[in-house]
There are 2 protein chains.
Amino acid sequence: MYGKFLVEGDKLVRELLASNVKTDAIYALEGWKNANNSAKQEITLVSPSDLERISTHDSPNQVVAIADIPKHEAADLNLAPALYIALDQIQDPGNAGTIIRIADWFGINTVFFSEGSVDVYNPKVVSSAKGSLFRTACHYVNLAQLFEANKALPVYGTFMEGENIYKTELASQGFIVIGNEANGISQEVAGYVTNKISIPNFGKAESLNAAVATGIVVSEFKRK
Amino acid sequence: MYGKFLVEGDKLVRELLASNVKTDAIYALEGWKNANNSAKQEITLVSPSDLERISTHDSPNQVVAIADIPKHEAADLNLAPALYIALDQIQDPGNAGTIIRIADWFGINTVFFSEGSVDVYNPKVVSSAKGSLFRTACHYVNLAQLFEANKALPVYGTFMEGENIYKTELASQGFIVIGNEANGISQEVAGYVTNKISIPNFGKAESLNAAVATGIVVSEFKRK
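Quick caveat, the model's predicted, so the values are computed rather than measured.

Enquirer: Would you mind going over the nonpolar core with me for this structure?
Expert: Counting residues in each nonpolar core, the largest one holds 126 residues, and the members touching the most others are Ile-85, Ala-86 and Ile-99 of chain A together with Ile-85, Ala-86 and Ile-99 of chain B. The contact partners of Ile-99 of chain A, leaving out residues within four places of it in the chain, are Ile-85, Leu-87, Val-111, Ile-178, Ala-211 and Thr-214 of chain A.

The structure is reproduced here in structure tokens:
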């Protein structure tokens, strides 16, 4: 399957149909088909055992759809001033999906992924993004080139030795860079960080989960 | 196996050995055994295929240990004034582990789990808690009884209609209640919430991941 991705389960498929993402095909059990016959999209009836074979879930939930991966214009690197999230080698699909959901909650429309990050159309990302994937532009880019092309925008990154985020003046525009789960921000990308920040550690954990750190940092930007 | 749990991988087993949690047995490949012979605990040599059989991971990392589930005193319900996290029917092991890690980062020593929450000694919780499980007291209790026994402590819970957390005066002592991933805070527990709070929504996502919401809320309590 090229340029397509799988969307699984009643709620997510309904979010897909309500979005601008193009749906290619829908495979559903009889009950779902009957309840959703008003959908513009044709619905193909399948048996529970068919559904199990199509789905990546152990206990699939009524319906699976095939959607077209949105063809975002080859990302224009000259960005309008706004707040953006840039993920540097995020590997865990649950983290990627959860971060897309954070972006959507906080009104951030675009998330950049470094080349080599997890594929956002991986079924686990799709499921943990909970529909936010359909409303968020996800671009794979060379982050160094992105920052080079937008020198006017500050680049915030979390580092152990960064300034206490609770006491830092945070801009309303710029990039929030989140590093790899195990290794943090890569050396190349670190060279572009203009503002090193940190979430104060009050206890003994070595680090926070990458998605949790993203949530806390983005919340700090938006609370002002 | 009763009263025991599995700890997998080099880093986590070393954190286990450095903690107060009692280790029962260690099964390791030769390289790990040789590098860790100074451990007080006896190390049993196993082959890579043995390790694969013991481990729950697809590609196990050098070592697996069996530890004793800490026997916390039957939770004394009369608590010292401090900040506590109370989880109401959290089901996802990744969320539970991530929340324990958040507690450990922010210096919260005790997390309460409602009866019916995920088992914190489930291997996925152990792995996502990243060693914080060894430093955090996790108690399963009836949350209603817990709140009844500690009427002096405020109970904070997130609700759509709650007060904007950025503008709320937050106490330095009390309970932060986090509800179930799909259904939020249960009706019974909601009756004990003294302070309804909310994280403002700037976009279109319906909700945040439970662990991310915990991180943002706890950060708000600690930033003051």
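And the narrative resumes.
Enquirer: Help me out: how do you make sense of the relation of the copies chain A and chain B in this one?
Expert: Mapping one chain copy onto the other needs a rotation about an axis and a shift along that axis. Placing chain A over chain B gives an RMSD of 0.0 Å and needs a rotation angle of 180°, together with 0.0 Å of translation along the axis. A rotation of that kind, with that shift, is consistent with a two-fold axis. Both copies present the same face, since 100% of the interface residues in chain A are matched by interface residues at the equivalent positions in chain B.

Enquirer: In this structure, what is going on with the packing of helix 4 (residues 93-105) of chain B against helix 8 (residues 210-223) of chain B? I would like to understand it.
Expert: The packing of two helices is summarised by the inter-axis angle and the distance between the axes. Residue and element names in this part refer to chain B. Contact pair helix 4 / helix 8: the axes reach a minimum separation of 9 Å and the direction vectors enclose 15°. Classed by the angle they form, the pair helix 4 and helix 8 counts as roughly parallel. The element helix 4 and its partner helix 8 pack so that their crossing is right-handed. Residues Asn-95, Thr-98, Ile-99 and Ile-102 of helix 4 lie in contact with helix 8, whose contacting residues are Ala-210, Ala-211, Thr-214, Gly-215 and Val-218.

Enquirer: Is there a simple way to think about the interface of chain A and chain B in this case?
Expert: Where interface size is given, it is often the accessible area lost as the parts come together that is meant. Taken together, the contact pairs 26 residues of chain A with 26 residues of chain B. Where the side of chain A that touches chain B is concerned, the elements lending two or more residues are helix 4 (93-105) and helix 8 (210-223) of chain A. Here the side of chain A that touches chain B gets seven residues from one element, more than from any other, and that element is helix 8 of chain A. Tallied by class, residues from the side of chain A that touches chain B come to 11 nonpolar, nine polar and six charged.

Enquirer: I keep staring at the sheet that holds strand 6 (residues 110-114) of chain A and nothing clicks. Help me out?
Expert: Residue and element names in this part refer to chain A. On the basis of which strands lie adjacent, the open sheet formed by six strands has the order 7-6-5-9-8-10 and parallel pairing. Every other strand in the sheet has two partners, leaving strand 7 (137-141) and strand 10 (195-198) as the edge strands with one partner each. Each adjacent strand pair in this sheet contributes to an overall mean axis angle of 35°, direction not counted. Relative to strand 7, strand 6 is paired through five bridges, and the arrangement is parallel. Among the inter-strand pairings, Thr-110 is bridged to a residue of strand 7, identified as Ala-137. Sheet contacts for helix 8: strand 5 (83-87), strand 8 (155-164) and strand 9 (174-178); angle to strand 9, the most-contacted strand, approximately 160°.

Reading the values: the criteria
- Residues numbered from 1 in each chain as written.
- Chains lettered and ligands numbered in written order.
- Predicted model: local features only at pLDDT ≥ 70, side-chain atom pairs only at ≥ 80, totals over all residues.
- Core = buried A, V, L, I, M, F, W, Y, C linked by C-beta atoms within 7 Å.
- Buried ≥ 20, exposed ≤ 12 C-beta atoms within 10 Å, placed from the backbone.
- Contact = placed C-beta atoms within 7 Å.
- Least-squares fit on C-alpha atoms with pLDDT ≥ 70 in both.
- Axes fitted to C-alpha atoms, helices over the stretch in contact; angles between N-to-C directions.
- Helix = DSSP H or I, 4+ residues; strand = E, 2+ residues; numbered from the N terminus.
- Parallel < 35°, antiparallel > 145°, perpendicular 65-115°, else oblique.
- Left-handed = near helix turned anticlockwise from the far one by under 90°.
- Nonpolar A, V, L, I, M, F, W, Y, C, P; charged D, E, K, R; others polar.
- Pairing = 2+ DSSP bridges.

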